[in-house]
Amino acid sequence: PKVIITLGKEGAIGWSKKSGVCHAPALTTRVVDTMGAGDCFFAITAPLAKRGTIPQLLAIGNAAAAMKTQTIGHREPIRKEALIGYLNTHRV
């Protein structure tokens, strides 16, 4: 019932019957390493997919992926508090 496609530096696009087609831009221009950004997007949105709306999933997924691209490799995990702060800072 919900479909999301990540688009790298172009953000992500999603669809559901309720939301229709939605696009959300990438939330960073400071990219150090893209390794794992798509996995990070999926890891945060998959558990929320049943109840979250497409706009919510795109915002949270893009924020987590943006944070991931600002870290080399897997040196730092994306922590809940940091993700919430990032969402608030970027007014998502």
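Structural data are supplied above this passage.
Residues numbered from 1 in each chain as written. Predicted model: local features only at pLDDT ≥ 70, side-chain atom pairs only at ≥ 80, totals over all residues. Heavy atoms only, no water.

Caption draft 1: Local environment of the overall build of the protein chain. When you go through the protein chain residue by residue, the secondary structure sums to three helices and three strands. A globule of 92 residues ought to have a C-alpha radius of gyration of about 12 Å, and the protein chain, at 12 Å, matches this closely. Based on the C-alpha atoms only, the size of the protein chain along its principal axes is roughly 40 × 25 × 20 Å. Taking all 92 residues of the protein chain together, 35% fall into the buried category. Counting only contacts in the protein chain whose residues sit at least 6 apart along the sequence, the fraction spanning at least 24 positions is 55%. (Helix = DSSP H or I, 4+ residues; strand = E, 2+ residues; numbered from the N terminus. Rg over C-alpha atoms; globule rule 2.2 N^0.38 Å. Buried < 20%, exposed > 50% of the residue type's maximum accessible area, 1.4 Å probe, protein only. Contact = heavy atoms within 4.5 Å.)

Caption draft 2: Just helix H2 (residues 54-69), in detail. For H2, spanning 16 residues, the distance from its first C-alpha to its last is 22 Å, which sits close to the expected 22 Å at 1.5 Å a residue. Of all 16 residues that make up H2, 13 are buried, and the element is covered over most of its length. (Expected span 1.5 Å × (residues − 1).)

Caption draft 3: How the structure looks around the pairing of strand S1 (residues 2-6). Here S1 runs beside strand S2 (residues 12-16); their pairing, made up of five bridges, is antiparallel. Of the residues in S2, the one forming a bridge with Lys2 is Ser16. In this antiparallel pair of consecutive strands, S1 and S2, the connection spans five residues, and Gly8 shows a positive phi of 60°. (Pairing = 2+ DSSP bridges.)

Don't take any of this as a statement about function, it's just geometry.
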